[in-house]
Amino acid sequence: MNWYVLYTKPKWEKKVAERLSEIGITAYCPTVVKVQQWSDRKKKVVVPLFSSYVFVQLAENNRNAVFSVTGVVRYLFWLGKPALVRDQEIHSIRQWLSEPDAFEVELASWQPGDRVVLEQGVFKDHIAVVQEVKASIYVLVLEALGCVLKVAKKKA
């Protein structure tokens, strides 16, 4: 079965994934813990890694079943067809989220437009393009995964 990407209403990602699971559809909403600042306090909250996206694994002929869940807007399309995500990519996301500190990143002096091959971590051997160089981070685009990776510069 293929993994597809669903576009959801804003802030509905976790609810949609939960309701899809309840009706027997394999759904995955990757989440991260983020420190949220309010005027009077800070609090750790669990937020989706990808805003308004949920991954679902189902057969091609069952794709319409997801629309019975409130909050599902549509499928994400690429070149006129529903976007497919490989099992390896879902596995990489899960592994990276389960071991965020399991690898070390060492950075050279990169310039926007440079193409680099990542040498370690869950994105090992993926090619990235340097999109932006800021004072404390590099912004890399992982073309194969269609995502942006922000990497903190190593302090000297």
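Now for a look at the structure at hand. (Residues numbered from 1 in each chain as written. Predicted model: local features only at pLDDT ≥ 70, side-chain atom pairs only at ≥ 80, totals over all residues. Heavy atoms only, no water.)

## Looking at the overall build of the chain
Then step 1. Check the secondary structure of the chain and you find two helices and 13 strands.
Then step 2. With the C-alpha coordinates of the chain rotated into their principal frame, the extents come out at 55 × 45 × 25 Å.
Then step 3. For the chain, with 156 residues in total, the buried portion stands at 33%.
Then step 4. Within the chain, contacts between residues separated by at least 24 positions form 51% of all contacts whose residues are at least 6 apart in sequence.
Then step 5. Within the structure as shown, the chain displays about 10400 Å² of accessible surface, and the carbon and sulfur contribution to it stands at 51%.
Then step 6. Here the chain holds 22 positive side-chain charges and 16 negative ones, and the gap between their average locations is 8 Å. (Helix = DSSP H or I, 4+ residues; strand = E, 2+ residues; numbered from the N terminus. Buried < 20%, exposed > 50% of the residue type's maximum accessible area, 1.4 Å probe, protein only. Contact = heavy atoms within 4.5 Å. Areas by Shrake-Rupley, 256 points an atom, 1.4 Å probe, with all protein chains shown as cover. Lys, Arg positive; Asp, Glu negative; His and termini not counted. Charge placed at Lys NZ, Arg CZ, Asp CG, Glu CD.)

## Observations concerning helix α1 (residues 13-22)
Then step 1. Buried within α1 we find E13, V16, A17 and L20. Viewed along the axis of α1, the buried residues span an arc of 100°, placing them on a single side of the element. More than 90 degrees from the buried face of α1, the exposed residues found are E18 and E22.
Then step 2. Elements that come into contact with the buried residues of α1 comprise β1 (2-8), β2 (26-28), β4 (42-48), β5 (53-58) and β6 (72-75).
Then step 3. Where α1 ends, the next residue or the one after it, G24, has phi of about 95°, a positive value. (Arc of directions from axis to C-beta.)

## Observations regarding the packing of aromatic side chains
Then step 1. This model, assessed by the stated rule, comprises five aromatic pairs.
Then step 2. Taking the centre distance of 5.8 Å and the plane angle of 90° together, the rings of F50 and F55 count as edge-to-face.
Then step 3. The class of F50 is partly exposed, set by a relative accessible area of 23%.
Then step 4. The class for F55 is buried, based on a relative accessible area of 7%.
Then step 5. For the ring pair F67 and Y75, a centre distance of 5.8 Å and an interplane angle of 85° mean the geometry is edge-to-face. (Phe/Tyr/Trp six-rings, centres within 6.5 Å; stacked < 30°, edge-to-face > 60°.)

## Examining the environment of S52
Then step 1. If you trace the backbone, S52 turns up in the loop between β4 and β5.
Then step 2. A sequence separation of 38 residues divides S52 from K14, and the C-alpha atoms of the two residues are 9.4 Å apart.
Then step 3. S52 has contacts with L6, Y7, T8, K9, P10 and E13, leaving out every residue within four places of it along the chain.

## With respect to the environment of Y138
Then step 1. Along the chain, Y138 falls in strand β12 (residues 137-142).
Then step 2. Separated by twelve residues in sequence, Y138 and K150 place their C-alpha atoms 5.7 Å apart.

## A few points about the pairing of strand β11 (residues 127-133)
Then step 1. Note that strand β10 (residues 115-117) and β11 share three bridges and pair antiparallel. Residue pairing for β11: V117 is matched across the bridge by I127.
Then step 2. Relative to β12, β11 runs antiparallel, the two sharing five bridges. Residue pairing across strands places V130 opposite L140, the latter belonging to β12.
Then step 3. Once β11 ends, the chain turns through three residues before running back antiparallel as β12. (Pairing = 2+ DSSP bridges.)

## What to know about the pairing of β1
Then step 1. Summarising burial for β1: five of the seven residues are buried, a large majority.
Then step 2. Here β1 pairs with β5 via six bridges, running antiparallel. Bridge pairing in β5 places W3 opposite Q57.
Then step 3. Sheet topology places β1 next to strand β9 (residues 84-85); two bridges connect them, and they run antiparallel. Paired with W3 across the two strands is V85, which belongs to β9.
Then step 4. As defined by bridge partners, β1 adjoins β6 across three bridges and the pair is classed as antiparallel. Pairing of L6 across the sheet is with Y75, part of β6.

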